[in-house]
Amino acid sequence: MAEAFPELAKGRRARAGTEHHARPGINLGYRCAYVVKETGNGPKSVANAKIVIPCYNEEDRLDVSTFTDFKNSSHDITFLFVNDGSTDGTFRLLERLQKSEPAKFNLLNLPYNQGKAEAVRQGLLAGISPQHDYIRFWDADLATPLDAIPAFLDLAESRPDVE
């Protein structure tokens, strides 16, 4: 992993952003507001999810090691990073991440900055496929940790009446 991400070899860990904080007692479910359940796929023992991560100028903040170290045996989770026309080295960083584990990380590059909402929308459109039961978005600053994803999927699986 160090050869793909020299900043990790140097012992430098990208710092997570701090601009979004959950208020005490507030359910963090709002952090991934879009949920699309694919239907007609038949019963599955493992939920498949695509997580869209919009990124704009995240080169110095994206915590690459948290994404590469994220493992989950109860769900098949893949990530689609959307580079929203970043002007720093975000795209190159995301390319290296995608090349390090192509089955786990996908990349969509928008040629110019279109704003977070459009980056999320483009990612959701690109990520929808019959092989995924769910598609959600997650903020690149990991204000909600990746470890929360399986809990959201478990809840969604336990409540098929909720869309």
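Before any of the text, the structure's been laid out above.
Model, not experiment: these values are computed from the prediction.

A. Structural view of the overall build of the chain. In terms of regular secondary structure, the chain is built from five helices and four strands. Among the 163 residues that make up the chain, the fraction classed as buried is 41%. Within the chain, residue pairs in contact and separated by at least 24 positions form 82% of the contacts whose partners lie at least 6 positions apart. In the structure as shown, the chain presents an accessible area of about 8,900 Å², 52% of it carried by carbon and sulfur atoms.

B. Fine view of the side chain of Thr90. With respect to the helices, strands and loops of the structure, Thr90 is situated in helix α3 (residues 90-100). For Thr90, a relative accessible area of 0% translates into the label buried. Not counting residues up to four positions away in its chain, the partners in contact with Thr90 are Cys55, Asn57, Glu58, Glu59 and Asn83.

C. Molecular detail of the nonpolar core. Judged by nonpolar contacts, the single largest core of 26 residues is most densely connected at Ile53, Phe67, Phe79, Phe81 and Trp138. Among the secondary structure elements, those contributing two or more residues to this core are β1 (47-55), α2 (64-69), β2 (75-84), α3 and α5 (149-158). Val52, Ala119, Val120 and Phe137 belong to the second largest nonpolar core, which has nine residues in total.

D. Focus on the pattern of salt bridges. Summed over all chains, the structure comprises four salt bridges. Where Arg61 meets Glu58, a salt bridge forms, and the shortest distance between an N and an O atom there is 2.6 Å. Residue Asp161 pairs with Arg159 through a salt bridge whose shortest N-O separation is 3.1 Å. When its relative accessible area of 58% is taken as the criterion, Asp161 is described as exposed.

E. Representation of the sheet that holds β1 within the structure. An order of β3-β2-β1-β4 is seen for the four strands of this open sheet, with the pairing classed as parallel. Two strands lie at the open edges of the sheet, namely β3 (105-110) and β4 (134-137), each paired on one side alone. On average, each strand axis in the sheet is inclined to that of its neighbour by 20°, with strand direction left out of account. As paired elements, β1 and β4 share four bridges and run parallel to each other. When the sheet's bridge partners are listed, Lys50 is paired in β4 with Ile135. Sitting on the sheet, α3 is in contact with β1, β2 and β3, with an inclination near 150° to β3.

F. Looking closely at the environment of Ala126. When you line up the elements, Ala126 lands in helix α4 (residues 116-127). Remark: the alpha-carbon pair of Ala126 and Leu107, spanning 19 residues in sequence, is separated by 10.0 Å. When neighbours within four sequence positions are excluded, Ala126 is seen to be in contact with Leu80 and Leu108.

G. Fine view of α5. Buried within α5 we find Ile149, Pro150, Phe152, Leu153 and Ala156. One face of α5 carries all of its buried residues, which in axial projection span an arc of 160°. Of the surrounding secondary structure, the elements contacted by the buried residues of α5 are β1, β2 and β4.

H. A look at the packing of aromatic side chains. On inspection of all chains with the given rule, the structure shows seven aromatic pairs. Note on Phe67 and Phe79: the rings are 5.5 Å apart at their centroids and 85° apart in plane angle, and the pair reads as edge-to-face. Of this pair, Phe67 sits in helix α2 while Phe79 sits in strand β2; the two residues are 12 residues apart in sequence, bridging distant segments of the chain. With a relative accessible area of 0%, Phe67 lands in the buried category. A residue is classified by how much of its surface remains accessible, and Phe79, at 0% relative accessible area, is buried. Chaining the aromatic ring pairs together yields one cluster made of Phe67, Phe70, Phe79, Phe81 and Phe105. Its guanidinium or amino end placed over the ring of Tyr134, Arg136 lies 5.9 Å from that ring's centre, counting from NZ or CZ.

Parameters and conventions
Residues numbered from 1 in each chain as written. Predicted model: local features only at pLDDT ≥ 70, side-chain atom pairs only at ≥ 80, totals over all residues. Heavy atoms only, no water. Helix = DSSP H or I, 4+ residues; strand = E, 2+ residues; numbered from the N terminus. Buried < 20%, exposed > 50% of the residue type's maximum accessible area, 1.4 Å probe, protein only. Contact = heavy atoms within 4.5 Å. Areas by Shrake-Rupley, 256 points an atom, 1.4 Å probe, with all protein chains shown as cover. Core = buried A, V, L, I, M, F, W, Y, C linked by side-chain atoms within 4.5 Å. Salt bridge = Lys/Arg side-chain N within 4 Å of Asp/Glu carboxyl O. Pairing = 2+ DSSP bridges. Axes fitted to C-alpha atoms, helices over the stretch in contact; angles between N-to-C directions. Arc of directions from axis to C-beta. Phe/Tyr/Trp six-rings, centres within 6.5 Å; stacked < 30°, edge-to-face > 60°. Lys NZ or Arg CZ within 6 Å of the ring centre and 35° of its normal.

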